[in-house]
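Single-letter residue listing:
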Amino acid sequence: MCQVEEEYHGPLLREELPRQCVKCKEASAAVVIRAGDAYCRGCFKEYFIHKFRAMLGKNRLIFPGEKVLLAVSGGPSSCSMLSQVQEGLSQNAHKKLRFLPGIVYIDEGGAVGQSVEHRRRTVEELRAVFRATGFPFLMVPLEQVLDLPSSVVLSAPGAPEQEAGAYKAAVDHFLLSNGSSGVTAGQQQETPPPEVQEAHTHSLQRLLGSARTLTAREELLNILRQHLLVHTARSAGYSKLMLGDSCTRLAVKLLSSISLGRGAQLAHDTGFSDSRYGDTILVRPMRDYSAKEIAYYNRMFSVPSVFTAGLDTKTADKSSIQHLTESFVIKLQADFPSTVSTIYRTSEKLQSCKGSASAEGDRCLLCVCALDTAAGENASAFSATLISEQLSQTKSPGESRQAPEWTAPASQCCSIVGGELCGNRGGGCCSSAKASESPPLRSLLCYSCQLTIKDMSSEEVLPQYILSEAERRLRRSQLREEIRDFLLEDEADEG
Ligand SMILES: [Zn+2]
Ligand SMILES: [Zn+2]
């Protein structure tokens, strides 16, 4: 995760600089962003700050007085986002940002096997950075993901669609009421970070370690991190969660998502706003900045960032699909400077398909996106996988063809054993099956998350909030199936 940014820590002025700034045509140029765009220090700062406000202004999603949680990992991009929010709040009333920011940092040291001492040092370093902003902040160890409630994987009903003009009305109202007096960014309270129990760290490591590939481990970590961020935002009353993905990061994410079978979720994964959680909207205001611009800005204006190791730090390029995609994009970008922007422009044209996931059962249990598995009848990677799975499950010619595991679980099961689906689809009477057989969790997942789970040695190490929600959904679909039988009989009677 950190490699993208690290790439640009080299000398600031690698390119040969034209003498003058293209903007003010007076001061001497200090930075070249793209070929031909040479800015002086002052104009670069103005350009950079303007871009942030323009991104928020264009999308009109964050209302005045709204509580916005900034997810800061310590990396250059999210730290730059933090400094832009600070900058925006210090502007004069006309240009001022009007939301109430808070910061959250997820300490993932346990996931990558750092010592307690190492983690404590990183947390201390970041605490100093956060304290200096005056914003309220939360330091949350990733271990807390193990204690999340099942509600985190449900899409909560969001605020009703805002009418056109609602944004302007809200701004006007805000300016009339207290806009001139300025917004205080909330009280900064110092709450000591919760103690991490060693047993929790072990459970977390066992969970991530159960993924047999780094690709699956990274996907799993992404999912867990996002759940914890959304839960933290929800429970602290923040309705927006700001993520620091740069355009370089999003270009990598776009390509790797396609490779991972997440094509249907691309608009959510890479767009400016992501409403899959309903009440908590994820926004990516840094998506117009390249990693290079961010590195220049951070260096010129002394924006502090703290290095934190990720799962793929110091691994070979081919260690995971995500890592390989990253090194591919970065290497291509070095020779073809429009690589990232070309990929990124594609993401701007993507739109999520709406309306398909109204019920909770239509959403993936892990990534909370609309299930893409129902659309798999036509030619797709998913249907191809299913066909080959089906073929490999076909036994002797005499044996009747049985539906594989991925079909609707309830229709294949003739009874409930011990309050759970017996899980025995495909071999004889299931009332004789053992109750301990695992439920077909995979039927609740999107195509890509199914691949992730397939790479895990055991589903049972998944956190309890995921397992119990899975159980609940499976039981519900079983119930729905039973009710459907009654309804059909009624219809037949009437006929
Ligand atoms: Zn200038
Ligand atoms: Zn999914």
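Here, the structure is the one placed above.
Residues numbered from 1 in each chain as written. Chains lettered and ligands numbered in written order. Predicted model: local features only at pLDDT ≥ 70, side-chain atom pairs only at ≥ 80, totals over all residues. Heavy atoms only, no water.

## Notes on the overall build of the protein chain
For the protein chain, the count of helices and strands is 16 helices and 10 strands. Residues counted as buried form 48% of the 495 residues belonging to the protein chain. Taking all contacts inside the protein chain whose residues are at least 6 apart in sequence as the whole, residues at least 24 apart take part in 71%. On the protein chain, roughly 24,400 Å² of surface is accessible, and the fraction owed to carbon and sulfur atoms is 53%. (Helix = DSSP H or I, 4+ residues; strand = E, 2+ residues; numbered from the N terminus. Buried < 20%, exposed > 50% of the residue type's maximum accessible area, 1.4 Å probe, protein only. Contact = heavy atoms within 4.5 Å. Areas by Shrake-Rupley, 256 points an atom, 1.4 Å probe, with all protein chains shown as cover.)

## A word on unusual backbone geometry
Positive phi values are uncommon outside glycine, yet Lys-25 reaches one of about 55°. Looking at the element boundaries, Lys-25 is found in the loop between helix H1 (3-6) and strand S1 (31-32). On the basis of relative accessibility, which here comes to 54%, the residue Lys-25 falls in the exposed class. Positive phi, close to 45°, is recorded for Arg-60, a residue that is not glycine. When you line up the elements, Arg-60 lands in the loop between helix H2 (41-59) and strand S3 (67-71).

## Details of the coordination of the zinc ion (ligand 2)
Looking at the metal site, the zinc ion (ligand 2) is ligated by Cys-364 (SG), Cys-367 (SG), Cys-446 (SG) and Cys-449 (SG), spaced 2.3 Å from it. Its four donor atoms give the zinc ion (ligand 2) angles of 103 to 117° at the centre, a pattern that matches the tetrahedral case. As a motif over one chain, the donors of the zinc ion (ligand 2) read C-x2-C-x78-C-x2-C. The same class applies to Cys-364 and to Cys-367, which are both buried. (Donors = N, O, S within 2.8 Å, 3.2 Å for Na, K, Ca; no water. Tetrahedral: all angles 85-135°; square planar, octahedral: opposite > 155°, others 65-115°.)

## Examining helix H15 (residues 447-454)
Owing to its 3.6 residues per turn, the α-helix brings residues three or four apart onto one side. Summarising burial for H15: six of the eight residues are buried, a large majority. Every buried residue of H15 is listed here: Tyr-447, Ser-448, Cys-449, Gln-450, Thr-452 and Ile-453.

## Quick look at the sheet that holds strand S7 (residues 273-274)
Backbone-to-backbone hydrogen bonds pair the strands of a sheet. The strands run either parallel or antiparallel. Ordered in space as S5-S4-S3-S6-S8-S7, the six strands form an open sheet in which the pairing is mixed. The open sheet has two edge strands, strand S5 (137-141) and S7, and neither has a second partner. Pairing of strand S6 (residues 240-242) with strand S8 (residues 281-283), which is carried by three bridges, proceeds in the parallel orientation. Bridge pairing in S8 links Leu-241 to Leu-282. (Pairing = 2+ DSSP bridges.)

## What about the coordination of the zinc ion (ligand 1)?
By definition of the ideal shapes, a tetrahedral metal site with four donors has angles of 109.5 degrees and an octahedral site with six donors has angles of 90 or 180 degrees. The protein atoms donating to the zinc ion (ligand 1) are Cys-21 (SG), Cys-24 (SG), Cys-40 (SG) and Cys-43 (SG), with metal-donor distances spanning 2.3 Å. Around the zinc ion (ligand 1) sit four donor atoms; with metal-centred angles ranging over 101 to 116°, the donor geometry is tetrahedral. By relative accessible area, Cys-24 is classed as partly exposed at 29%. The exposure class assigned to Cys-40 is buried, which follows from its relative accessible area of 6%.

## Some remarks on the environment of Leu-254
Here Leu-254 lies in helix H8 (residues 247-259). Counting along the chain gives 93 residues from Leu-254 to Ser-347, while the straight-line C-alpha distance between them is 7.2 Å. Residue contacts for Leu-254: discarding those within four places in its chain leaves Leu-266, Thr-270, Ile-343, Ser-347 and Leu-350.

## Structural notes on the pattern of salt bridges
With the rule as written, the count across this model stands at 21 salt bridges. With a closest N to O distance of 3.7 Å, Arg-121 and Glu-117 form a salt bridge. Pair noted here: Arg-121 and Glu-117 are both in helix H4 (residues 116-133), with a separation of four residues, about one helical turn. For Arg-121, a relative accessible area of 45% puts it in the partly exposed group. (Salt bridge = Lys/Arg side-chain N within 4 Å of Asp/Glu carboxyl O.)

## So, the packing of helix H11 (residues 321-335) against helix H12 (residues 339-348)
Between H11 and H12, whose axes approach to 8 Å, the crossing angle comes to 125°. The angle between H11 and H12 places the two elements in the oblique class. In this structure, H11 contributes Val-329, Leu-332 and Gln-333 to the contact, and H12 contributes Thr-339, Val-340 and Ile-343. Along the lines of polarity and charge, the residues of the contact of H11 with H12 split into four nonpolar, two polar and no charged. (Axes fitted to C-alpha atoms, helices over the stretch in contact; angles between N-to-C directions. Parallel < 35°, antiparallel > 145°, perpendicular 65-115°, else oblique. Nonpolar A, V, L, I, M, F, W, Y, C, P; charged D, E, K, R; others polar.)

## Describing the nonpolar core
Membership of the largest hydrophobic core comes to 56 residues, with the highest contact counts inside it found for Phe-44, Phe-52, Phe-130 and Met-242. Counting residues per element, this core draws most heavily on H2, at eight residues. Residues contacting Phe-44, with those up to four places away along its chain left out, are Val-31, Ile-33, Tyr-39, Glu-293, Tyr-296, Tyr-297, Met-300 and Phe-301. In terms of nonpolar packing, the next biggest core, distinct from the first, is built from 51 residues, Val-140, Val-145, Leu-207 and Val-230 among them. (Core = buried A, V, L, I, M, F, W, Y, C linked by side-chain atoms within 4.5 Å.)

## Quick notes on the packing of aromatic side chains
Taken as a whole and judged by the stated rule, the model has eight aromatic pairs. With centroids separated by 4.0 Å and ring planes inclined at 10°, the aromatic side chains of Phe-48 and Tyr-297 adopt a geometry described as stacked. With Phe-48 in helix H2 and Tyr-297 in helix H10 (residues 291-300), this residue pair connects regions lying 249 residues apart in the sequence. Just as Phe-48 is buried, Tyr-297 falls in that class too. Each residue in the set Tyr-39, Phe-44, Tyr-47, Phe-48, Tyr-289, Tyr-297 and Phe-301 is aromatic and connected to the rest through ring pairs, giving one cluster. (Phe/Tyr/Trp six-rings, centres within 6.5 Å; stacked < 30°, edge-to-face > 60°.)

## Re the pairing of strand S4 (residues 100-107)
Within a regular beta strand, the side chains point alternately toward one face of the sheet and then the other, so they alternate between its two faces. Most of S4 sits out of view: seven of its eight residues are buried. In the sheet, S4 pairs with S5 via five bridges, with the strands oriented parallel. Within the sheet, the bridge partner assigned to Ile-106 lies in S5 and is Val-140. Traced from S4 through H4 to S5, the parallel crossover comes out right-handed. (Right-handed = clockwise from strand over helix to strand, strands pointing away.)

Keep in mind these values describe shape, not function.
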